[in-house]
Amino acid sequence: MSNYYLEVKNLTKYFGRRLIFSNLNFRLSDSGIFGISGPNGSGKSTLVKIIAGIIGANKGEVKHFLDGKEIIPEKIHNHIGFVSPYLVLYEEFSAEENLLMFAKIRGVDYDKSRVDYLFEKFLLLKRKDDLVKTYSSGMKQRLKFIFALMHSPKLIILDEPTSNLDDEGKNSVYELIREEGNKNIVVVASNEKNDLEQCTETIFLENFKQINQ
Amino acid sequence: MNSKAYNLFLKDFRSELRTRYAINALAMFIIVAISVILFSIGNEKINENLTAGLFWVVIFFTAMSGLSRAFVSEEERGTTLTLQLIASPTTVFSGKLIFNVILVFAMNAIIALLYGALFEDFIIKNFLLFLATFILGNIGLAVSSTIIAAIIAKAGAKGTLYPVLSFPILLPLILTCVQLTLFSFDGTSFEKSRFELAIIVSYDVIMITVSYLLFDFIWKE
Amino acid sequence: MIWKIFLFLLLAFVSVAGIAFPIVEKPSAWYEFPFIPGLEENAKIIFFHVPTAWVTVVAFLMSTIFSFRYLKNKNLDDDLKSYAAAQLGIIFCILATVTGAVWAKFAWGAFWSWDPRQTSIFALLLIYGAWFALRSSIESEEKRATLSSVYSIIAFVTVPFFIFVMPRIMTGLHPGSADDTNAGPVVNFKMNSNMLLIFFLSLIGFTILYLWMWKVGYKSLIYKEKIQKQFLRG
């Protein structure tokens with residue numbers, strides 16, 4: 001069990017003058033798989049980006065706590081793993097070089113055994129020294145999971161996790177979601193039925209509000 | 001924190017070695033700019049004023065042709081999000097700043113050497129003053145160019161807007177540097193150029209502070 | 001309504017007085033201006049040129065303040081206020097530059113001579129120009145507001161440098177600047193009380209005019225946005 005939780009309070013986001021959502025309130029704690037779903041344009045991606053601290057909200061706040069202490073915004077990035085279709089890794093480097101660099105820039109140790117385990121799991125071990133440029137889109141998507149999990153984050157945010165993946169890839173993702181969901185918080189933003197079936201709790205975004213289920 | 005920024009710089013440096021986005025373009029730009037000036041001068045003898053001015057003109061335009069890469073390349077490749085996920089805004093800005101500072105020093109050293117070799121009136125009498133101007137001026141140039149590059153990258157605007165936005169910001173720095181370069185040609189002492197040196201130092205300090213304060217807003221949109 | 005009439009009367013009086021009141025060697029009547037050596041009739045520009053330059057600076061300051069407020073509160077109305085101020089700022093900036101250049105042709109013999117204040121207002125024009133170029137290159141409202149706010153703050157901190165750097169690097173020709181030998185510090189010594197009075201009335205008049213125009217400007221921007229929004233929703 002992790003002792004990580006995050007609180008979302010009165011979260012409101014506009015793009016320009018267009019309201020995306022208003023007054024979201026929820027709390028995700030300890031462990032579990034949480035889904036975020038809603039029609040196109042309802043702000044799923046926006047919400048997960050705000051949670052990850054990549055963009056700011058107009059009103060309200062997202063607070064992350066570890067061991068009962070709030071994590072300052074400058075440091076949140078090291079506790080989060082993030083996967084999304086619009087994430088791009090450095091193509092001029094090989095997969096392993098990418099991960100090594102990221103560990104150094106994060107200022108954390110490069111956990112080689114964990115990375116190799118992840119490479120194995122996502123069937124990329126043989127290709128880890130090839131430039132990312134040469135990867136297919138499905139392989140890139142699998143590499144992003146390794147990127148998201150290499151530093152053992154407490155909060156794993158998956159935005160449309162199974163896009164570009166074949167069945168084999170999807171299965172290893174689901175396996176991973178269940179595995180991580182036992183120890184950590186996994187947030188899945190998706191409209192795929194199969195993705196959402198993994199979740200224990202789902203938040204629906206519709207008409208600028210959340211509908212809990 | 002410092003080692004994180006250094007590692008981010010290393011990433012950019014190695015990426016630069018593999019892709020050679022900036023280095024080739026900068027080197028060619030320096031050669032082109034200086035030869036255009038030499039052709040247009042022909043056999044005329046130009047005075048010290050003009051030499052000092054043209055020196056900083058070449059530096060300004062060379063900086064404008066290459067320094068925006070630091071952020072524009074991330075935005076073009078779509079790796080901005082990746083950077084946001086692995087580093088705090090402060091680390092990102094520091095890393096990019098280190099990269100640009102080194103780039104500015106390298107290219108300006110080359111420009112200075114070429115000027116020394118090719119321009120008759122580029123004779124420095126007070127070398128220490130020139131060195132101080134060179135170092136302080138380069139830092140100011142790198143800081144301002146880096147923060148404007150961050151704006152340009154987010155604005156999604158290519159090339160042309162960069163010098164337009166940078167020029168008014170860099171103008172006080174460049175004017176003071178031209179003045180100080182002239183002083184170093186004349187052999188003016190440090191004592192007499194204290195005021196101008198103080199201006200560049202305060203420019204550097206203010207720009208560094210403002211850049212770090214404002215970078216958060218640019219980076220998080 | 002009353003203050004609009006007041007503003008009209010004030011500016012009308014300033015214009016008439018500024019242009020028509022005679023300049024004499026030894027002013028005795030209340031409507032006579034003193035003779036300032038080296039400026040003569042040219043001195044009258046002070047009633048129109050200085051206020052436009054003053055408004056330029058006020059507009060620039062207001063634009064920066066609202067930019068700052070936008071970054072703090074993320075309220076797009078602040079961005080529109082900043083934009084409205086800058087729009088007027090660039091108009092007054094051009095007016096100040098042109099009136100100054102025309103005057104300089106007669107007083108100094110050339111339209112432009114890179115006097116410190118000419119250089120500073122030129123830099124201000126460049127800043128405004130760059131700011132509008134930046135704004136027009138960004139589609140998204142929010143991004144435009146954020147990036148232009150950041151830029152205007154960066155530009156704002158460079159302004160003190162122009163004030164300190166320019167006078168050191170180039171010689172000043174403006175009446176009142178340290179290097180000026182013929183007219184000396186005009187504002188302090190050479191103007192008599194009625195000239196000063198009309199000068200300050202003009203400053204006040206132009207400032208009120210600016211504030212009024214600014215209010216109309218940003219309100220029209222807000223209405224425009226509202227109409228566009230309704231139009232989009234159909």
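Residues numbered from 1 in each chain as written. Chains lettered and ligands numbered in written order. Predicted model: local features only at pLDDT ≥ 70, side-chain atom pairs only at ≥ 80, totals over all residues.

## Looking at the overall build of chain A
Thought 1: Looking only at helices and strands, one finds six helices and 10 strands in chain A.
Thought 2: With the principal axes as the frame, chain A shows a C-alpha extent of 45 × 35 × 35 Å.
Thought 3: Residues classed as buried in chain A amount to 41% of the 213 residues present.
Thought 4: Within chain A, contacts between residues separated by at least 24 positions form 73% of all contacts whose residues are at least 6 apart in sequence. (Helix = DSSP H or I, 4+ residues; strand = E, 2+ residues; numbered from the N terminus. Buried ≥ 20, exposed ≤ 12 C-beta atoms within 10 Å, placed from the backbone. Contact = placed C-beta atoms within 7 Å.)

## Some points on the overall build of chain C
Thought 1: Broken down by element type, chain C carries seven helices and two strands.
Thought 2: Buried positions account for 34% of the 234 residues belonging to chain C.
Thought 3: Taking contacts inside chain C between residues at least 6 apart in sequence as the whole, the part at least 24 apart equals 70%.

## Topic: the nonpolar core
Thought 1: With 166 residues, the main nonpolar core has Ile146, Ile157 and Val187 of chain A, Ile151, Ile152 and Leu165 of chain B together with Ala59 of chain C as its most contacted residues.
Thought 2: With near-sequence residues (within four places) excluded, Ile151 of chain B lies in contact with Leu165 and Ile218 of chain B together with Leu147, Val150 and Tyr151 of chain C.
Thought 3: Counting seven residues, the second largest nonpolar core, distinct from the first, contains Phe33, Ala43, Phe47 and Ile198 of chain C. (Core = buried A, V, L, I, M, F, W, Y, C linked by C-beta atoms within 7 Å.)

## What about the interface of chain A and chain C?
Thought 1: In this complex, chain A contributes four residues to the contact, which on the side of chain C involves seven residues.
Thought 2: Among the residues forming the side of chain A that touches chain C, the class breakdown is one nonpolar, two polar and one charged. (Nonpolar A, V, L, I, M, F, W, Y, C, P; charged D, E, K, R; others polar.)

## Focus on the environment of Leu131 of chain B
Thought 1: Structurally, Leu131 of chain B is set in helix H7 (residues 127-155).
Thought 2: Each C-alpha atom, one on Leu131 of chain B and one on Leu182 of chain B, is 13 Å from the other, the two residues being 51 residues apart in sequence.

## Here we look at the interface of chain B and chain C
Thought 1: Across the contact, 25 residues belong to chain B and 25 residues belong to chain C.
Thought 2: Sorting the residues of the side of chain B that touches chain C by element identifies H7, helix H8 (161-186) and helix H9 (194-219) of chain B as the ones contributing at least two each.
Thought 3: At 11 residues, the largest contribution of residues to the side of chain B that touches chain C is made by H8 of chain B.
Thought 4: Residue classes in the side of chain B that touches chain C are distributed as 21 nonpolar, two polar and two charged.

## Some thoughts on helix H4 (residues 116-136) of chain C
Thought 1: Between the first and last C-alpha of H4 of chain C there are 30 Å, a value that for 21 residues agrees with the 30 Å anticipated at 1.5 Å per step.
Thought 2: What H4 of chain C keeps buried is the set Pro116, Gln118, Thr119, Ser120, Ile121, Ala123, Leu124, Ile127, Tyr128, Ala130, Trp131 and Leu134 of chain C. (Expected span 1.5 Å × (residues − 1).)

## Looking at the sheet that holds strand S2 (residues 18-29) of chain A
Residue and element names in this part refer to chain A.
Thought 1: In space, the four strands of this open sheet follow the order S2-S1-S4-S5, with antiparallel pairing throughout. The open sheet has two edge strands, S2 and strand S5 (69-70), and neither has a second partner.
Thought 2: Against the sheet, helix H1 (residues 44-51) touches strand S1 (4-15), S2 and strand S4 (59-66), its axis set at about 130 degrees to S1. (Pairing = 2+ DSSP bridges. Axes fitted to C-alpha atoms, helices over the stretch in contact; angles between N-to-C directions.)

## Some details on the confidence of the model for chain C
All names here are of chain C.
Thought 1: When pLDDT is averaged along chain C, the result is 83; 87% of the residues meet or exceed 70.
Thought 2: Between residues 181-189, whose pLDDT stays under 50, and residues either more than four places distant or in other chains, the model counts 15 contacts.
Thought 3: Prediction confidence for the complex, expressed as pTM and ipTM, is 0.89 and 0.91 respectively. (pLDDT = per-residue confidence, 0-100.)

## Regarding the pairing of strand S7 (residues 155-159) of chain A
Residues and elements named next belong to chain A.
Thought 1: When you tally the buried positions in S7, you get five out of five residues, the bulk of the element.
Thought 2: Here S7 shows no split at all, with Leu155, Ile157 and Asp159 on one side and Ile156 and Leu158 on the other all buried.
Thought 3: Pairing of strand S6 (residues 80-83) with S7, which is carried by four bridges, proceeds in the parallel orientation. Across the sheet, the residue bridging to Phe82 is Ile157, located in S7.
Thought 4: Handedness of the crossover joining S7 and strand S8 (residues 185-189) through helix H5 (residues 167-183) is recorded here as right-handed. (Right-handed = clockwise from strand over helix to strand, strands pointing away.)

## Looking at the packing of H7 of chain B against H8 of chain B
Residues and elements named next belong to chain B.
Thought 1: Running from N to C, H7 and H8 cross one another at 180 degrees; their axes reach a closest spacing of 9 Å. Accordingly, the angle class assigned to the pair H7 and H8 is roughly antiparallel. Counted together, Leu129, Phe130, Thr133, Gly137, Gly140, Leu141, Ser144, Ser145, Ile148, Ile151, Ile152 and Ala155 of H7 and Leu161, Tyr162, Leu165, Ser166, Ile169, Leu170, Leu173, Cys177, Leu180, Thr181, Phe183 and Ser184 of H8 form the full contact between these two elements.
Thought 2: Tallied by class, the residues present in the contact of H7 with H8 amount to 16 nonpolar, eight polar and no charged. (Parallel < 35°, antiparallel > 145°, perpendicular 65-115°, else oblique.)

## A closer look at the packing of helix H6 (residues 89-118) of chain B against H9 of chain B
A packed helix pair is summarised by two numbers, namely the angle formed by the two axes and the spacing between the axes.
All names here are of chain B.
Thought 1: Where H6 contacts H9, the two axes come as close as 9 Å, and the packing angle between them is 115 degrees. On the basis of their axis angle, the class for H6 and H9 is roughly perpendicular. Read as a crossing pair, H6 and H9 show a hand that is right-handed. Between H6, through Pro89, Thr90, Val92 and Phe93, and H9, the contact on the second element is made entirely by Ser211, Tyr212, Phe215, Asp216 and Trp219.
Thought 2: For the contact of H6 with H9, the per-class residue count stands at six nonpolar, two polar and one charged. (Left-handed = near helix turned anticlockwise from the far one by under 90°.)

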